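# Commentary on secondary and tertiary structure
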Amino acid sequence: MGFESLSPDMQSAIVSGIIGLSGAVIGSLATLIAIWLTRKLQTSGKVSLFAKMVYSKSSDDKACGYYRSQMGSGLYLRIPLWLDIVNTSGVSRIVRNVNLYAYLSKKGIASFTQIQGIGTGEKHFSLGDNGAYTFVIPPNSACRFDVEFILEERDLSPNEKEFDEIILSYFDEKNRIHAFHLINVDFCWVEKKIPMEKQWFTLDKECHYGSH
């Protein structure tokens, strides 16, 4: 039985059904496309990091530099920073395990220790995000954190104490590592301060060799 042999009422009912089904499919597709586009726009921004060399919260005169331990354990390198993290996307972003690493000729030498806090009792000051160096940055926002890192000479191999570069790295929410050049180092294990840059560092010089 062909379509032409059907009664006008049946033909009309079939056409209406096809039109209704097509409309439903098109509506569903339009909804899916709208959701996809919204999600795409929300995640189209990026995370940017900026750093500034500052004085340590432990002392007004302790800038970036090499200091002798009062415990008699030798020299250590201390690097206090302000870290600004800017998220221009429409969703929260994770910046996990921010840390510093010492490199020599693009070869990893040592990892720094993240300082969680300074002082005790009423004089205690938490660093990072309440002691953590993993940060959740809200959508379309910028957050500033006080962070400090330390590297002790005694923790290095006797044959691998020299380095010429310090790299900052972190992992994103997809567990991908991002590593950026922070500063060059002109001398190692000499008890003196590293010259402080007055300007902010834009961490945009990615180091592809900086995987740990």
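Above: the structure in question.
A few points on the structure. (Residues numbered from 1 in each chain as written. Predicted model: local features only at pLDDT ≥ 70, side-chain atom pairs only at ≥ 80, totals over all residues. Heavy atoms only, no water.)

The secondary structure content of the chain amounts to one helix and 13 strands. Across the chain, helices and strands are ordered from the amino to the carboxyl terminus as α-β-β-β-β-β-β-β-β-β-β-β-β-β. The buried share of the chain, reckoned over its 212 residues, is 40%. Counted over contacts in the chain with a minimum sequence separation of 6, partners at least 24 positions apart contribute 69%. Counting every atom, the chain has about 12,700 Å² of accessible surface; 54% of that belongs to carbon and sulfur. (Helix = DSSP H or I, 4+ residues; strand = E, 2+ residues; numbered from the N terminus. Buried < 20%, exposed > 50% of the residue type's maximum accessible area, 1.4 Å probe, protein only. Contact = heavy atoms within 4.5 Å. Areas by Shrake-Rupley, 256 points an atom, 1.4 Å probe, with all protein chains shown as cover.)

Right, let's talk about unusual backbone geometry for a bit. Despite not being glycine, Asn140 has its phi angle at roughly 50°, a positive value. Within the element layout of this structure, Asn140 appears in the loop between strand E9 (135–137) and strand E10 (141–152). Residue class for Asn140 comes out exposed when judged on its relative accessible area of 57%. One non-glycine residue with positive phi stands out, namely Asn175, at about 65°. Following the sequence through the fold, Asn175 ends up in the loop between strand E11 (165–171) and strand E12 (177–184).

This part is about the pairing of E11. Burial runs high along E11: seven of the seven residues are buried. Going residue by residue along E11, you find Glu165, Ile167, Ser169 and Phe171 tucked away on one face and Ile166, Leu168 and Tyr170 tucked away on the opposite face as well. Both strand E4 (residues 93–104) and E11 contribute to a ladder of six bridges, which runs antiparallel. If you follow Arg96 over to E11, its bridge partner there is Phe171. Pairing analysis gives seven bridges linking E11 to E12, with the strands arranged antiparallel. When the sheet's bridge partners are listed, Glu165 is paired in E12 with Asn184. Hairpin remark: E11 followed by E12, antiparallel, with five residues in the connecting loop; positive phi at Asn175, about 65°. (Pairing = 2+ DSSP bridges.)

Applying the stated rule across the entire model yields nine aromatic pairs. Geometrically, the ring pair formed by Tyr170 and Phe180 is stacked, given 6.5 Å between the ring centres and 20° between the ring planes. With Tyr170 in strand E11 and Phe180 in strand E12, this pair connects stretches of sequence that are 10 residues apart. Phe180 sits in the buried class, given a relative accessible area of 10%. Grouped by ring-pair contacts, the aromatic residues Tyr66, Phe163, Phe187 and Trp189 constitute a single cluster. The ring of Tyr67 carries the charged tip of Lys62 above its face, separated from the ring centre by 5.4 Å. (Phe/Tyr/Trp six-rings, centres within 6.5 Å; stacked < 30°, edge-to-face > 60°. Lys NZ or Arg CZ within 6 Å of the ring centre and 35° of its normal.)

Considering all chains together, one arrives at nine salt bridges under this definition. Note that Glu173 and Arg93 form a salt bridge whose closest N and O atoms lie 2.7 Å from each other. In this pair, Glu173 is assigned in the loop between E11 and E12 and Arg93 in strand E4, connecting sequence segments 80 residues apart. Look at Glu173 and you get partly exposed, because its relative accessible area is 35%. With a closest N to O distance of 3.2 Å, Arg154 and Glu152 form a salt bridge. (Salt bridge = Lys/Arg side-chain N within 4 Å of Asp/Glu carboxyl O.)

The next thing to look at is the environment of Gly128. By the secondary structure assignment, Gly128 is in the loop between strand E8 (125–126) and E9. Take Gly128: its relative accessible area is 14%, and that puts it in the buried class. Excluding anything up to four places from it in sequence, Gly128 contacts Tyr133, Phe135, Phe145, Asp146 and Val147.

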